[in-house]
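# Structural overview for review
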Amino acid sequence: MKKLLTFLLCLLISIPTLTSASRAESQINVQAANSSEWNLVWSDEFNGNEIDRTKWTYDFGNYLVDENGNVITDAPGWGNNEEQYYTDAPGNSYINNGNLVIEAKQEQISDEYGTYDYTSAKLKTKGLFGQKYGKFEARIKSPKGNGLWPAFWLLPTDNVYGSWPASGEIDIMEASGGKPHEASGTIHYGGLWPIREYTGKAYHFPEGGAITDFHTYSVEWEPGEIRWYVDGNLYQTLNNWFSLNPAEELNPFPAPFDQEFYIILNLAVGGQFTENPDDPTAFPGKMEIDYVRVYEANDENGCIPTVDRNFDFSCGLSDWSPYVHHDTVAQILAENEEANVVISEQGNEEWSVILEKRGLNLQQDLDYLVSFDARSTIDRDMVVSIENSQYNRYLSETINLSSNMNNYSFQMTMPQSDAVSLKLLMGKYGAGAHNIFIDNVVIEPIGENLLKNGDFATNDHFWTAWWGDQWTGVAEGNKSVVNGELAIEMQTVGNVAYSPQVYQNGIEFNNGKLYTVTFDARSDTPRKMNVNIGKELTTDPWFIPYANTEIFDLTTDMQTFTYSFQMTEQTYTNGKIVFELGNIEGGNAATTVYIDNVSIVQH
């Protein structure tokens, strides 16, 4: 028996799509996600005389602690071999001239675990303030000197996906005092320790600039994308990460960066990120913070998408990456909750115009549905690809667009786990000015088959054939299973499309849900076959369809067919799928039709 949903349409071959330098260069120029205006929701301007304990609390000591506050004795130096001991003493953190000052001192202090040569402070908002998404910003002046490690960073309020780094870390700014002409931004992610990954980049100050001056450090964090700025200059955009659960299975993207995080400010001494302190290091080292501000997107531009990650464009192009090459005249817009690609000159390559959804973590051996609605004001082709950062394609399909908004659905099996993008490539094809409209994108694992015995492993159980009656014309033939395929042999057919037919009922269809129908079929003689989904009645009209009748052209080769529909009727627990094999558009020749691997999946 063939495995259900073995890769449909084509794939499992990694196809390099680019060899030219121009394509690589073009990817660098992909536009960032839509910028938004921001509303201030939390801040500390440090204008009082004392640190505001309603906004800040402290970490203490030199050791990591577990979620219950117990010291993890095999993790000294906060797990980084840091040498300082954190206190809330007024000499290590205080307000001065409208700035928060965190001061690292060279002085000995002891506890039950050891003796330490430096003290400092680590302030945090945990338990007092946290936020998911938004803009986090601080104006900071950092000290110079080997061994000094200032940081402005975020940790999750709750370790929803497990202990570090599975639940993530966002470093907005960290610097090494021995390298005063650069500062870094990084994310940490992966699984439970020691499964750890990190991605980051250093920002190099313009000539004459250094961390020893006041600079504004910020991130703009949106679903599926985080952007880093220094003094308003964008220097890094990340949208590719993952999180593994304790069974080392992928959590849904954009995990772990889809939870509330809290703020941390600290000045460490020594450790894995910086040098060890030495004689030239000037103590005390002082990190000064003018303000910390947190924003959320305003009511006009910052919306919550009706579908996670804005696959339905309900929040414009947020979390989408549009790209237009310089050889092309085009705009990619979002209007009326759909993407509107306005093309004046289509360019010379498929990739001259791209609408891309990044950061899709797909797992090995899982089956996925890729589906969307699209139309064009002219008849033209468009290429659909699922590909990784090396441009190796796991799915590559060319579809024809018309003036009708049609649904296009594909199914694929991933040969390996990989971080990929969906790309809709709209260059090259078409002529003259035109528009392409795209909506209702779906990329998700395929769930449980709602049908019984869809692979005919238990002969033809649960499948019924109906051969017509005096009103429809009686068809003649028989139904059997041959080599694991349902075979419907027809000597004659009736006068209507649904005589004969093969069906299964008892299927639950839920209001508002999206369903995908998939099957393999062939015929000894080329012919058409209808597929209907609906509700059987005991009186005229006998059957109410839930979706449009789908007509498929069968050939002598076994093909995989798939389509999707939305259940707009009330939930019904005794729905029906019908394969109609009668007189369709004059096709009434005697033949045998073979059907296999039938599935209906709710999304």
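Parameters at a glance
- Numbers given to residues run from 1 along each chain, matching the order in which its sequence is written.
- For this predicted model, a pLDDT threshold of at least 70 governs which residues receive local features, and a threshold of 80 or more governs which side-chain atom pairs are given and counted, while totals over whole chains, interfaces and linings are taken from all residues.
- Only heavy atoms go into the side-chain values, all of them from the structure, while hydrogens and water stay out.
- Secondary structure counts use DSSP, requiring at least four H or I residues in a row for a helix and at least two E residues in a row for a strand, with both numbered from the N terminus.
- Relative accessibility under 20% of the residue-type maximum defines a buried residue, over 50% an exposed one, and the middle range a partly exposed one, all with a 1.4 Å probe and only protein chains included.
- Residues count as neighbours in contact if any of their non-hydrogen atoms are within 4.5 Å of one another.
- Under the convention used here, a 1.4 Å probe and the Shrake-Rupley method define accessible areas, while residue burial counts only the protein chains that appear.
- None of His or the chain ends enter the tally, which takes Lys and Arg as positive and Asp and Glu as negative.
- The location of each charge is read from NZ of Lys, CZ of Arg, CG of Asp or CD of Glu.
- Here, any two strands with at least 2 DSSP bridges between them count as paired.
- The axes used here are C-alpha line fits, helices contributing only the stretch in contact, and every angle between their N-to-C directions lies in the interval 0 to 180 degrees.
- Whenever Lys or Arg places a side-chain nitrogen within 4 Å of a carboxyl oxygen from Asp or Glu, that contact is recorded as a salt bridge.
- Note on terminology: a nonpolar core comprises buried Ala, Val, Leu, Ile, Met, Phe, Trp, Tyr and Cys residues joined through side-chain atoms within 4.5 Å.
- Throughout this description, a polar contact denotes any pair of N or O atoms lying within 3.5 Å of each other; where both atoms belong to protein, one of them has to be capable of donating a hydrogen while the other can accept it, and for residues adjacent in sequence the pair is counted only when both atoms sit in side chains.
- Aromatic rings from Phe, Tyr and Trp, taking only the six-membered ring of Trp, are treated as a pair when their centres fall within 6.5 Å; an angle between ring planes under 30 degrees marks them as stacked, one over 60 as edge-to-face, and anything in between as tilted.
- A positively charged side chain is recorded as over a ring if its NZ (Lys) or CZ (Arg) lies within 6 Å of the ring centre. The angle to the ring normal must also be within 35 degrees.
- Scored from 0 to 100, pLDDT reflects the predictor's confidence in each residue.

### Here's the deal with the overall build of the chain
- A count of helical and extended segments in the chain gives one helix and 41 strands.
- The principal-axis extents of the C-alpha atoms in the chain amount to approximately 100 × 55 × 40 Å.
- Classification of the 603 residues of the chain by burial places 53% in the buried group.
- Here the contacts in the chain between residues at least 6 apart in sequence split such that 73% fall between residues at least 24 apart.
- Total accessible area on the chain is roughly 26100 Å²; 44% of this is exposed by carbon and sulfur atoms.
- Here the chain holds 36 positive side-chain charges and 83 negative ones, and the gap between their average locations is 1 Å.

### Side note on the sheet that holds strand β41 (residues 591-602)
- Here five strands make up an open sheet; going across it, the order is β32-β33-β41-β35-β39 and the pairing antiparallel. The open sheet has two edge strands with one neighbour each: β32 (476-482) and β39 (559-566). Averaged over neighbouring strand pairs, the angle between their axes works out to 25° when direction is ignored.
- Here strand β33 (residues 485-492) pairs with β41 via five bridges, running antiparallel.

### Here's the deal with the pattern of salt bridges
- Tallied over the entire structure, the rule returns 18 salt bridges.
- Of the charged contacts in the structure, one is a salt bridge between Arg293 and Glu45, with a shortest N-O distance of 3.0 Å. Placement of Arg293 in strand β20 (residues 285-297) and of Glu45 in the loop between β2 (38-44) and β3 (57-58) is noted, with a sequence separation of 248 residues between them.
- Taken together, the shared-partner salt bridges in this structure form one network comprising Glu220, Glu222, Glu225 and Arg227.

### Considering the nonpolar core
- Residues Ile170, Ile263, Leu265 and Val292 are the most contacted members of the largest nonpolar core, which totals 51 residues.
- No other element matches strand β19 (residues 261-269), which puts five residues into this core.
- In this view, Val292 contacts Trp42, Ser43, Asp44, Phe46, Trp56, Glu137, Ala138, Phe152, Ile263 and Leu265; residues no more than four positions away in its chain are not counted.
- In terms of nonpolar packing, the next biggest core, distinct from the first, is built from 36 residues, Trp320, Met382, Met412 and Ile438 among them.

### Some words on the pairing of strand β29 (residues 418-425)
- The buried fraction of β29 amounts to eight of the eight residues, a majority that puts the element mostly inside the structure.
- Pairing analysis gives seven bridges linking strand β24 (residues 353-362) to β29, with the strands arranged antiparallel. The residue bridging Leu360 from the neighbouring strand is Val420, located in β29.
- The pairing of strand β26 (residues 380-388) with β29 spans six bridges and is antiparallel. Looking across to β29, one finds that Asn388 is bridged to Val420.

### Brief notes about unusual backbone geometry
- Here the residue pair Trp164 and Pro165 is connected by a cis peptide bond, since its omega of 0° sits within 30 degrees of zero.
- Counting through the fold element by element, Pro165 comes out in the loop between β12 (148-156) and β13 (169-174).
- Following Ala255, the chain continues to Pro256 via a peptide bond in cis, the omega torsion being 5°.
- The backbone of Tyr133 shows a phi angle near 70°, a positive value even though the residue is not glycine.

### Quick word on the sheet that holds strand β28 (residues 406-413)
- Reading across the sheet, the five strands line up as β22-β23-β30-β25-β28 and stay open at both edges, with antiparallel pairing between neighbours. At either end of the open sheet lies a strand with only one pairing partner, and these are β22 (329-335) and β28. Between one strand axis and the next, the sheet turns through 25° on average, direction left out of account.

### With respect to the side chain of Asn310
- Residue placement: Asn310 occurs in the loop between β20 and β21 (321-324).
- A distance of 3.0 Å separates a polar atom in the side chain of Asn310 from the backbone nitrogen of Ser314.

### Side note on the packing of aromatic side chains
- Under the counting rule described, the total for this entry stands at 34 aromatic pairs.
- Plain terms: the ring middles of Phe509 and Phe565 are 5.9 Å apart, the flat faces sit at 65° to each other, and that makes the pair edge-to-face. Placement of the pair is Phe509 in strand β34 (residues 501-509) and Phe565 in strand β39, with a sequence separation of 56 residues.
- Phe565 sits in the buried class, given a relative accessible area of 6%.
- These aromatic residues form a ring-pair network of at least three members: Tyr133, Phe136, Trp221, Trp241, Phe253, Phe257 and Phe261.
- The aromatic ring of Tyr291 is capped on one face by Arg293, whose charged end is 3.5 Å from the ring centroid.
- In this arrangement the basic side chain of Lys535 is found over the ring face of Tyr572, its NZ or CZ atom lying 4.6 Å from the centre.

### What to know about the environment of Gln346
- When you line up the elements, Gln346 lands in the loop between β23 (338-345) and β24.
- Measuring from C-alpha to C-alpha, the distance between Gln346 and Thr539 comes to 55 Å, with 193 residues separating the pair along the chain.
- With residues up to four places along the chain from it excluded, the contact list for Gln346 reads Thr328, Ser352, Val353, Gly427, Lys428, Tyr429, Gly430, Ala431 and Gly432.
- At 2.6 Å, the side chain of Gln346 and the backbone oxygen of Gly430 are in polar contact.

### A closer look at the side chain of His434
- Turning to its location among the elements, His434 is positioned in strand β30 (residues 434-445).
- Accessibility expressed as a relative area gives 2% for His434, which makes it buried.

### Notes on the pairing of strand β15 (residues 196-204)
- The sheet contact formed by strand β14 (residues 182-190) and β15 spans nine bridges and is antiparallel. In the sheet register, Ser184 faces β15, and the bridge partner there is Ala202.
- Counting the residues that bridge the hairpin from β14 to β15 gives five residues.

### Details of the confidence of the model for the chain
- On average, residues of the chain score 86 in pLDDT, and 91% of them reach the 70 mark or higher.
- Of the regions scoring below 50 in pLDDT, residues 1-36 engages in 101 contacts with residues more than four places distant in sequence or in other chains.

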